[in-house]
Amino acid sequence: MPRIQVRPVDRLRIEGGKSLHGSVRVSGAKNAALPELAAALLTADEVRLDNVPDVRDVQTLVRLLSDLGARCERLGRHRWALSTPEVVNPEAPYELVRTMRASVLVLGPLVARCGRARVSLPGGCAIGARPIDRHLDGLAKLGAEIKLEHGYVEASATRLTGATVEFSDVTVTGTENLLMAASLARGTTVLKNAAQEPEVTDLAALLVRMGARIEGAGSPTITIEGVEALHAAEHRVIPDRIEAGTFLVAAAITGGKITLEDVEPAHLGAVIEQLRAVGLTIECGAGWIRIGNGRPLRAVDLATRPFPGFPTDLQAQYMVLMTQAGGACELDETIFENRFMHVPELRRMGASIGLAGSKAAIEGPTPLTGAEVTASDLRASVSLVLAGLAARGETLVHRVYHLDRGYEGVEEKLQALGARIERIR
Ligand code: EPU
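Criteria and thresholds
Residues numbered from 1 in each chain as written. Predicted model: local features only at pLDDT ≥ 70, side-chain atom pairs only at ≥ 80, totals over all residues. Heavy atoms only, no water. Salt bridge = Lys/Arg side-chain N within 4 Å of Asp/Glu carboxyl O. Helix = DSSP H or I, 4+ residues; strand = E, 2+ residues; numbered from the N terminus. Buried < 20%, exposed > 50% of the residue type's maximum accessible area, 1.4 Å probe, protein only. Pairing = 2+ DSSP bridges. Axes fitted to C-alpha atoms, helices over the stretch in contact; angles between N-to-C directions. Contact = heavy atoms within 4.5 Å.

**Here we look at the pattern of salt bridges**
The final tally for this structure, using the stated rule, is 23 salt bridges. Across the pair Asp 54 and Arg 77 runs a salt bridge, and its minimum N-O distance is 2.8 Å. Of the two residues, Asp 54 is situated in the loop between strand E3 (46-50) and helix H2 (56-68) and Arg 77 in the loop between strand E4 (71-76) and strand E5 (79-83); the sequence distance between them amounts to 23 residues. A salt bridge links Glu 154 to Arg 118, with the nearest nitrogen and oxygen atoms 3.2 Å apart. Placement of Glu 154 in strand E9 (residues 152-156) and of Arg 118 in strand E7 (residues 116-120) is noted, with a sequence separation of 36 residues between them. Of the residues examined, Glu 154 reaches a relative accessible area of 23% and is grouped as partly exposed. In this structure, a network of salt bridges that share partners links the residues Asp 10, Asp 404, Glu 411, Arg 423 and Arg 425.

Below you can see the structure in the form of structure tokens.
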């Protein structure tokens, strides 16, 4: 079983005020790799994935899949081969789901493959209550019997049957769970108000390679004709659009000029548009994006939205950028109810940010000064790193393990662009 390395005491020390220059390769998307690793449970054959990011959430899921009976072989830093001749124990325990909510992605594949799943209910997390009722309603529509007992969801079905599932509101992993479950159901499933995120489309592409019959992925209506069995496939995970957006902000906030390589500009349409409105110069081509110096930065309002809108996973980073832009603006976080945990820390560094419900009001530009700060979740922690890059003096970011969940080698990548950042173990 792969060992998970947790280094809760790691900190990042950043000496701010250095502008970033050069090129950086974007890693594979964590939020595409996770459902794609889980999809390997749907077949006894081997599923090979390339461009899987080397991040802790992947290690956590691989550990869960191994416990379930998958053989997970690492062929290289970013290549995995998974095969599941048999599911030995269809249970995702509290201990793992608690550390990573995406563990819930095994629910759909397990019920579809072996007619049974027992998955701990995730409970709340740092960014909101995050229930999974839409996943469960959808699986119930496909004929699964759902029981909630002792903090666990127990789902069972002799064989799932295709149905029309209309999501009350968009859910990314809910759509993914249903896509996987419906691939092995008897008959046709239609998912309405489905998530259109590139990660959903990429999962559908893998499932099609495995023999699934799926049409409409990337649109709000997806149709799945269930098949009897899925088979071996190879797939390359799409680039991480959130990591890419984070580096664009890092360049913008330090007055730098960088080129992103191995990136898909079409996945960043709303982000590029927003950054251009702020005053940044952005050019793109096949597989690359270049961002140039855009000072002075202008304050521009923002509301987070499901894809193709501006992603909630870049809200905290954009907020840091707005602390350096001229004027006042408002950010409306419409996806999660509690995703402003970075705000008190940014205020301690000198930012002027008011909060009222789902909205944040930012006044800029305010000079930031380095401070000791503590990260509360993945995207909040990277926003503190960005603030440190823009600040005068030294910033020490605590609880870096949040960052390690989803960013591969962030300090090495930033160092290569000229940032003064180091990990203190
Ligand atoms: N929601 C419900 N009921 C449900 C499902 C969702 O009320 O059954 C609510 C959530 O509480 C939230 C909203 O609906 O307020 C949207 O949640 P969604 O289900 O779309 O989020 P998710 O699938 O749990 C994925 C990403 C998140 C990303 C969101 C939104 C993965 C593994 N996670 O979460 O990524 O923020 O979509 O785009 O794909 C991150 O990478 O830092 C991260 C949090």
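Once the structure has been displayed, the description carries forward.
**Thoughts on the sheet that holds E3**
With respect to topology, four strands assemble into an open sheet ordered E4-E5-E3-E14, the strand pairing being mixed. Among the strands making up the open sheet, the edge pair consists of E4 and strand E14 (233-236). In this sheet, neighbouring strand axes are inclined to one another by 20° on average, regardless of whether the strands run parallel or antiparallel. In the packing of helix H7 (residues 198-209) onto the sheet, the strands contacted are E3 and E14, and the crossing angle to E14 comes to about 155°.

Such coordinate-based values are descriptive only and should not be taken to indicate function.
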